[in-house]
Amino acid sequence: MAGKDRDRFSTATRLRLLGEQTAARVYRSQTRRQARRSRLTGRAAFLALVVCSMIVALAYPTRQYVSQRNDVAEQRRLAEAARARVERLRDEKARLQDDAYVMRLAREHLHMVRPGETAYTMVGPKAGEQSRSEEGGVGRPWYSNVWDGVDHADAGR
């Protein structure tokens, strides 16, 4: 018996017992982790399913919301451009009430002169080439050629 008690308190025996206890603890913790993992994986899968369902359910309304916000911004931009155009047209209308402005426009665009003035028209060197190349209206009625001349009168400006 004395050999058995002595063996019980020896360092080798203590180390072996300590190793066995440690191995038993590791084995128990691994089995607990595996049990936890299986429960956690099911919960995680359900949570992922719920999150994916929410994303899919909210994707279309979110896209519609963003699209409508872009449409509203575009309409505001168009309204602002229309306001600016109305303001420019009001300014132009006010200017057209002035006789001096109307006379200036008549001189510039219609080449009108006042009685007693002499009008000069300067012809560029390429004017002859252009008139020869624009003879495409030979087979058309005369009034079509006149209207084309009116339409293209200030195209070079």
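Residues numbered from 1 in each chain as written. Predicted model: local features only at pLDDT ≥ 70, side-chain atom pairs only at ≥ 80, totals over all residues. Heavy atoms only, no water.

(A) Just the overall build of the chain, in detail. Check the secondary structure of the chain and you find 5 helices and 0 strands. Order of helices (α) and strands (β) in the chain, N terminus to C terminus: α-α-α-α-α. Looking at the chain residue by residue over its 157 residues, the buried ones come to 3%. Carbon and sulfur atoms make up 58% of the accessible area of the chain, which totals about 14800 Å². (Helix = DSSP H or I, 4+ residues; strand = E, 2+ residues; numbered from the N terminus. Buried < 20%, exposed > 50% of the residue type's maximum accessible area, 1.4 Å probe, protein only. Areas by Shrake-Rupley, 256 points an atom, 1.4 Å probe, with all protein chains shown as cover.)

(B) Quick peek at helix H3 (residues 99–110). Compared with the 16 Å implied by 1.5 Å per residue over 12 residues, the 16 Å span of H3 between its first and last C-alpha is a close match. Downstream of H3 by a residue or two, histidine 111 has a phi angle that is positive, lying close to 55°. (Expected span 1.5 Å × (residues − 1).)

(C) Geometry of the pattern of salt bridges. Summed over the entire model, instances satisfying the criterion amount to 5 salt bridges. The closest approach of N and O atoms between glutamate 74 and arginine 77, which form a salt bridge, is 2.5 Å. Placement of both glutamate 74 and arginine 77 in helix H2 (residues 11–96) is noted, with a separation of 3 residues, approximately one turn of the helix. In this structure arginine 77 comes out as partly exposed when scored by relative accessible area, which is 47%. As a salt-bridge pair, glutamate 80 and arginine 83 come within 2.8 Å of each other at their nearest N and O atoms. Of this pair, glutamate 80 and arginine 83 both sit in helix H2, 3 residues apart, which is roughly one turn of that helix. Among the residues examined, glutamate 80 registers a relative accessible area of 47% and is labelled partly exposed. (Salt bridge = Lys/Arg side-chain N within 4 Å of Asp/Glu carboxyl O.)

(D) Spatial organisation of a nonpolar patch on the surface. On the surface, a cluster of nonpolar side chains totalling about 500 Å² of accessible area is made up of Phe46, Leu49, Val50, Met54 and Leu58. Within the secondary structure, phenylalanine 46 sits in helix H2. (Patch = residues over 30% accessible without salt bridge, like charges linked within 9 Å, V, L, I, M, F, W, Y side chains within 5 Å.)

(E) Quick look at the packing of aromatic side chains. Tallying each qualifying case throughout the model produces 1 aromatic pair. Aromatic side chains tryptophan 142 and tyrosine 143 sit 5.8 Å apart centroid to centroid with 80° between the ring planes, which places their arrangement in the edge-to-face category. Note on tryptophan 142: relative accessible area 64%, which makes it exposed. (Phe/Tyr/Trp six-rings, centres within 6.5 Å; stacked < 30°, edge-to-face > 60°.)

(F) Structural detail: unusual backbone geometry. Positive phi, normally seen in glycine, also occurs at histidine 111, with a value near 55°. Among the structural elements, histidine 111 can be located in the loop between H3 and helix H4 (127–133).

(G) Geometry of the confidence of the model for the chain. Considering every residue of the chain, the mean pLDDT works out to 82; 79% of them sit at 70 or more. Across the chain, the secondary-structure element scoring lowest on mean pLDDT is helix H1 (residues 2–8), at 56, and the one scoring highest is H3, at 89. (pLDDT = per-residue confidence, 0-100.)

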